[in-house]
Amino acid sequence: MKYLGTAAAERVPAIFCKCEVCEFAREHKGKEWRTQLQTVLDEGELLIDFPGDSFLHQWQHDIDFNDIEHLLLTHWHGDHLYAEDLALRISGYGQDLEKVLHVYGSPFTKTFYDRAFELEGRFDESRLVYHTIRAYNPIEISRYKVYPIPAQHGNFQEDCLIYAIVDRETGKSLFYTHDTGRPLEKDLEYLATQGIVFDFVSLDCTGQGFEQSGPVHMSLKENVHLIEKMRQLGLVHDETIYVASHFSHNGGLNHEAMQALSEADGILTSYDGMEIEF
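All values derive from a computational prediction rather than experimental measurement.

Caption draft 1: Structural context of the overall build of the protein. Within the protein, the secondary structure is distributed over 7 helices and 13 strands. Over its C-alpha trace the protein gives a radius of gyration of 18 Å, about what one expects of a compact globule, namely 19 Å for 278 residues. Once the C-alpha set of the protein is aligned to its principal axes, its extents read approximately 50 × 50 × 35 Å. Within the protein, buried positions represent 53% of all 278 residues. Restricting to contacts in the protein with at least 6 residues of sequence separation, those with at least 24 account for 69%. Within the structure as shown, the protein displays about 12,400 Å² of accessible surface, and the carbon and sulfur contribution to it stands at 48%. Looking at charge distribution, the protein has the averaged site of its 23 positive side-chain charges lying 2 Å from that of its 46 negative ones.

Quick look at the structure:
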């Protein structure tokens, strides 16, 4: 799994901000600079989300989006879906493309996807095909079995999703919790009934060091509570890898400070370009 970007919508340093975290990032650069969250599995087998920073990620990480056939969308916010750039894949813009891009997301997310193509005046299903998915209805995407779960985010009407992703070839499993507040206990119990034990948990940590970050995101302390609940339900094992991501400058911590806090709880702090094999 590779984190192409690890920030919330405003990025770090935020475009319009002079807070202490943003000024520190401007001075020190490196791991302090964060672009909008996007991840890729198995060297391009599955891409998760397509934010406005996707073009930048292509350049920074030497990734070719033309080779990717499967894009899984968590939700419709612009830092996770910038559909106007996806629309540039239709014929007349993109040339000599051999593969169809299959896009998967909720019905509500599809309205934002459709809008971009309607503005262009046409769809092109020889280049892109949208597949509507719904919570609690597992689907197969390439080599993966994907379990959509309602996120505690957006309109709280299953318009935003988080995912349990199981590699059907290796048996390895990922819990991808961006963007969401703490998942509901009934949803964790649902995953437990599916017999999934996660090898990797990617944790929304927008609030970083806050006690609580509000209803639609998590903080480090909320991450710790979630991990404990997952342990109680048998959803993780002793070697499970935990990584915090989706950071906001409003969380108040630079990379080094966040790393010192998170590692005390056995959680790694992500940075743009971080790659972990599991």
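Picking up where we left off.
Caption draft 2: How the structure looks around the packing of aromatic side chains. The tally for this structure, following the rule as stated, stands at 10 aromatic pairs. Relative to Phe198, the ring of Phe175 lies with its centre 4.9 Å away and its plane at 20°, an arrangement referred to as stacked. Note that Phe175 is positioned in strand 10 (residues 173-177) and Phe198 in strand 11 (residues 198-204), a separation of 23 residues in sequence. Residue Phe175 shares its accessibility class with Phe198, and that shared class is buried. Look at Phe200 and Phe278: their rings are 4.8 Å apart centre to centre, the planes differ by 40°, and that puts the pair in the tilted class. Taken together, the positions of Phe200 in strand 11 and Phe278 in the segment after strand 13 (268-269) put the pair 78 residues apart, joining distant regions of the chain. For Phe200, a relative accessible area of 0% translates into the label buried.

Caption draft 3: Structural view of the pairing of strand 5 (residues 101-105). Of all 5 residues that make up strand 5, 4 are buried, and the element is covered over most of its length. Here strand 4 (residues 70-72) runs beside strand 5; their pairing, made up of 3 bridges, is parallel. What sits directly across from His70, in strand 5, is His102.

Caption draft 4: Looking closely at helix 6 (residues 220-232). Counted at 1.5 Å a residue, the expected span for helix 6 with its 13 residues is 18 Å, and the 19 Å between its end C-alpha atoms agrees. Those residues of helix 6 not exposed but buried are Leu220, Glu222, Asn223, Leu226, Ile227 and Met230. Within helix 6, the buried residues cover an arc of 150° as seen down the axis, which keeps them to one side. Gly234, located one to two residues past helix 6, shows a positive phi value of around 75°.

What counts, and where the lines are drawn
Residues numbered from 1 in each chain as written. Predicted model: local features only at pLDDT ≥ 70, side-chain atom pairs only at ≥ 80, totals over all residues. Heavy atoms only, no water. Helix = DSSP H or I, 4+ residues; strand = E, 2+ residues; numbered from the N terminus. Rg over C-alpha atoms; globule rule 2.2 N^0.38 Å. Buried < 20%, exposed > 50% of the residue type's maximum accessible area, 1.4 Å probe, protein only. Contact = heavy atoms within 4.5 Å. Areas by Shrake-Rupley, 256 points an atom, 1.4 Å probe, with all protein chains shown as cover. Lys, Arg positive; Asp, Glu negative; His and termini not counted. Charge placed at Lys NZ, Arg CZ, Asp CG, Glu CD. Phe/Tyr/Trp six-rings, centres within 6.5 Å; stacked < 30°, edge-to-face > 60°. Pairing = 2+ DSSP bridges. Expected span 1.5 Å × (residues − 1). Arc of directions from axis to C-beta.

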